[in-house]
Amino acid sequence: MILQSNPKAAYLERRKAIDAALARVLESGWYILGREVEGFEAEFAQAMGANWAVGVANGTDAIEIALRALGIKAGDRVVTVSHTAVATVAAIKRIDAVPLFVDVDPRRYTMDPESLDALLSTPDGGRAKAIVLVHLYGQPVDMKTIVPMARARGLSIIEDCAQAHGALLDGRIVGTWGDLACFSFYPTKNLGALGDGGAVTGINSSLRETVQLLRTYGWKNRYVSDLFGINSRLDELQASILRVGLQHLNQDNERRRAIAARYNRSLAGISVELPWQASNAYHVFHQYVIATNGRNILQERLKRLGVGSLVHYPMAVHQQPAYADPTLRPVDLPHTERLVGRILSLPMYPQLRDDEIEEVVTALHTAIED
Ligand SMILES: *Cc1c(COP(=O)(O)O)cnc(C)c1O
């Protein structure tokens, strides 16, 4: 069976370096907020073009902390998309802010600028305080259009970079276009830990201090909370693993792009839609997502042929029971609702071998012709 993702393969490839890093931490006697987290934060900030990075427990916390740091409060409207990991919206709900959903562009799968413009012209949209932009599947959002629109309305801008570590738009790295950027290091992400982890990055140094306070109970001095903060720390073991992974991020992203290019070549002419790429973007292919009306049958056939695949995501957030709030304005998200039934993520991870890529391609040809 060819797996859809395979974080163990990354571990095995770097076993010596990771085992050595783990031994170093275990023998140090210091396990929370120490040298490894500090070292990783400095290295990650530099790699992401930020002035600073603060490690946190996971990507969901990163978004919650970023919203709080920007002063978003209960009842505030926060604009985002419904075609995303539920985590994006869970973070908004956790501070009792109100998500306002914008439809996605039918080719790019990220926020559609025209739909955003329409929302911002409604009374509810006009009151929005912040926007969370998701660089989904490794494809940058159309920031050149959307950032000026959001700025003109005075919105705080958060980038959800959980699927896009190292992606570029016009040569400028994602995470540097807004006010704060949020990352997840869930094991399957482009930069993955072997457990949970996350980070907030930014340019503005006063926001750095706020983010640091928020991740440890709001303590400016130990045991005295100046802010209402939470406990959301990246631990030393995960930070030491991430320092190894970060050294491989660029080459891993290159490999993901090479796999995508190979899929593109071998699947051209087949009756499925292949992922669209903006010509000014460096897409880092967290996922390689095809689309077809016969998605469920195709997935079943691929499985029988030994090829794993996943649907990211089978239900839009606003369709899920916990998020179907009847008091909110009715959502009109035709592209979002259409694509959830059609998308399929093919095997994609840097250690996927060339012969395995060929097997996936052959299986797809067979499954479609059946
Ligand atoms: C993975 C992910 C998150 C959340 O990350 P966790 O570390 O799982 O909390 C947020 N947004 C997007 C788009 C993601 O893919």
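Colleague: For this particular structure, what's the right way to read the site of the ligand?
Modeller: Inspection of the region around the ligand gives 14 residues, with G59, T60, D160, S184 and K189 positioned closest. A distance of 2.8 Å separates an oxygen atom of the ligand from a polar atom in the side chain of Q163. The separation between an oxygen atom of the ligand and a polar side-chain atom of S184 is 2.7 Å. Here the ligand loses 89% of its free accessible area of 380 Å² to cover by the protein chains. Counting residues per element, the ones that place at least two in the shell around the ligand are α4 (59–69) and α5 (86–94). Tallied by class, residues from the shell around the ligand come to 5 nonpolar, 7 polar and 2 charged.

Colleague: So what exactly am I meant to see when it comes to helix α9 (residues 205–215) here?
Modeller: Residues that lie three or four places apart on an α-helix share one face, since the helix turns once every 3.6 residues. Those residues of α9 that fall on the buried side of the exposure criterion are L207, V211, L213, L214 and R215. Against the buried residues of α9 lie α3 (35–47), β1 (52–56), α4, β8 (180–184), β9 (198–202) and β10 (219–221). The positive-phi residue at the C-terminal boundary of α9 is Y217, with phi of around 60°.

Colleague: Help me out: how do you make sense of the pattern of salt bridges in this one?
Modeller: When charged atoms on two side chains of opposite charge get close, those side chains can pair. In total, this model carries 21 salt bridges according to the counting rule given. Measuring nitrogen to oxygen at the nearest pair gives 3.0 Å for the salt bridge that ties R14 to E13. Accessibility expressed as a relative area gives 9% for R14, which makes it buried. In this structure, R353 and E356 form a salt bridge, with 3.6 Å as the shortest nitrogen-oxygen distance.

Colleague: Any chance you could explain the packing of aromatic side chains here in plain terms?
Modeller: The geometry of two aromatic rings is summed up by the distance between their centres and the angle between their planes. According to the stated counting rule, one finds 9 aromatic pairs in the structure shown. Seen from their ring centres, F44 and F183 are 4.9 Å apart, and the 85° between their planes marks the pair as edge-to-face. Linking F44 in helix α3 with F183 in strand β8, this pair joins segments that are 139 residues apart in sequence. F44 sits in the buried class, given a relative accessible area of 0%. A residue is classified by how much of its surface remains accessible, and F183, at 1% relative accessible area, is buried. Joined through ring pairs, the aromatic side chains of F40, F44, F183 and F185 make up one cluster.

Colleague: Looking at this model, I keep getting lost on the side chain of K189. Mind explaining?
Modeller: Tracing the backbone through its elements, the reader meets K189 in the loop between β8 and β9. Of the side chains with opposite charge, D160 lies nearest to the buried K189, which makes no salt bridge, at 6.8 Å. If near-sequence neighbours (up to four positions away) are discounted, K189 is found in contact with A162, H165, S184, R256 and H286.

The rules behind the values
- Residues numbered from 1 in each chain as written.
- Predicted model: local features only at pLDDT ≥ 70, side-chain atom pairs only at ≥ 80, totals over all residues.
- Heavy atoms only, no water.
- Near = heavy atom within 4 Å.
- Polar contact = N/O pair within 3.5 Å; in protein donor to acceptor, adjacent residues only side chain to side chain.
- Areas by Shrake-Rupley, 256 points an atom, 1.4 Å probe, with all protein chains shown as cover.
- Helix = DSSP H or I, 4+ residues; strand = E, 2+ residues; numbered from the N terminus.
- Nonpolar A, V, L, I, M, F, W, Y, C, P; charged D, E, K, R; others polar.
- Buried < 20%, exposed > 50% of the residue type's maximum accessible area, 1.4 Å probe, protein only.
- Contact = heavy atoms within 4.5 Å.
- Salt bridge = Lys/Arg side-chain N within 4 Å of Asp/Glu carboxyl O.
- Phe/Tyr/Trp six-rings, centres within 6.5 Å; stacked < 30°, edge-to-face > 60°.
- Lys, Arg positive; Asp, Glu negative; His and termini not counted.

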